[in-house]
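For reference, the chains in residue letters:
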Amino acid sequence: MVAAGSAGVILAAGASRRMGEPKQLLPVHGRPLLEAALAAACESRLDEVVVVLGAHADEIRRTVRLGRARVVLNPAFAEGMSTSLRAGIASLGSHVARAVVMLGDQPDISAEVVDLLLDTQAASGLPAAALSFDGLLHPPVVLAREMWGDIESLEGDVGCRALVRAHPELVAAVAADKPGGHPVDIDTREDFERLAADPA
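Rules behind the numbers
- Residues numbered from 1 in each chain as written.
- Predicted model: local features only at pLDDT ≥ 70, side-chain atom pairs only at ≥ 80, totals over all residues.
- Heavy atoms only, no water.
- Salt bridge = Lys/Arg side-chain N within 4 Å of Asp/Glu carboxyl O.
- Helix = DSSP H or I, 4+ residues; strand = E, 2+ residues; numbered from the N terminus.
- Buried < 20%, exposed > 50% of the residue type's maximum accessible area, 1.4 Å probe, protein only.
- Polar contact = N/O pair within 3.5 Å; in protein donor to acceptor, adjacent residues only side chain to side chain.
- Pairing = 2+ DSSP bridges.
- Core = buried A, V, L, I, M, F, W, Y, C linked by side-chain atoms within 4.5 Å.
- Contact = heavy atoms within 4.5 Å.

1. So, the pattern of salt bridges
Part 1 of the reasoning: Per the stated rule, a full pass over the model turns up five salt bridges.
Part 2 of the reasoning: As a salt-bridge pair, Arg65 and Glu35 come within 2.8 Å of each other at their nearest N and O atoms. Of this pair, Arg65 sits in the loop between helix H2 (57-63) and strand S5 (70-73) while Glu35 sits in helix H1 (residues 33-42); the two residues are 30 residues apart in sequence, bridging distant segments of the chain.
Part 3 of the reasoning: With a relative accessible area of 62%, Arg65 lands in the exposed category.
Part 4 of the reasoning: The network of salt bridges with shared partners includes Arg45, Asp115 and Asp119.

2. Remarks on the side chain of Lys23
Part 1 of the reasoning: Counting through the fold element by element, Lys23 comes out in the loop between strand S1 (5-12) and strand S2 (27-28).
Part 2 of the reasoning: Note on Lys23: relative accessible area 16%, which makes it buried.
Part 3 of the reasoning: At 2.6 Å, the side chain of Lys23 forms a polar contact with the side chain of Asp105.

3. Here's the deal with the pairing of strand S7 (residues 128-133)
Part 1 of the reasoning: One ladder, built from six bridges, connects S7 with strand S8 (residues 136-144); its direction is antiparallel. When the sheet's bridge partners are listed, Ala128 is paired in S8 with Leu143.
Part 2 of the reasoning: Here five bridges tie S7 to strand S9 (residues 171-175), and the two strands are oriented parallel to one another. Counterpart to Ser132 in the pairing with S9 is Ala175.

4. Regarding the nonpolar core
Part 1 of the reasoning: Counting 32 residues, the largest nonpolar core has Ile10, Leu34, Leu38, Val51, Leu53 and Met102 as its most contacted members.
Part 2 of the reasoning: Looking at this core, the elements with two or more residues in it are S1, H1, strand S4 (48-53), H2, strand S6 (96-103), helix H4 (111-124), S7 and S9.
Part 3 of the reasoning: Element by element, the count of residues in this core is highest for H1, at six residues.
Part 4 of the reasoning: The residues contacting Met102, other than those within four sequence positions of it, are Val9, Ile10, Leu11, Ala37, Ala40, Ala41, Ile109, Val114 and Pro140.

5. Looking at the environment of His95
Part 1 of the reasoning: Residue position: His95 is located in the loop between helix H3 (81-90) and S6.
Part 2 of the reasoning: Sequence separation between His95 and Gly5 is 90 residues, and the spatial gap between their C-alpha atoms is 5.8 Å.
Part 3 of the reasoning: A distance of 2.7 Å separates a polar atom in the side chain of His95 from a polar atom in the side chain of Glu48.

Below, the structure is given as structure tokens:
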């Protein structure tokens, strides 16, 4: 069987050390932060969605509406984002031809942006697509199966951002200068307070 499906892999296993509390559960526009990424993935044309959890996994499962997402647990989450990325990719079946890797703390990503990234990658003939903001490539990132082997070389708290920036010639860029496409993620209390001050 030729692989043809697409899957979303949402990385949400981190311990939120810089935040001081589980950022996946921070209230943003009336719902937990992680729920925004889940909704974008679940409402897109992705064939399946997995969310990688680690720290605070039980609390997240109790609190966050997962939609159609399947949970993958990463027991090695303390070793960094690269372990969650590998766990998520490893959970995908042979029918999946490409994965959209998303961060669980990017509340402004929409289902439309996910679909646009899928369409852009398919039309480009390149094995990857990513958002481009201020001249840099950002997640979400579409990775065709042929690029999954490169994930094995990642270590520590490194993910797809490093991968696509190292090989920009393989990446179809989508300008993130429109509503619903802002790639900024929430890492610190200041990031969160700035987001909370903005209207929904």
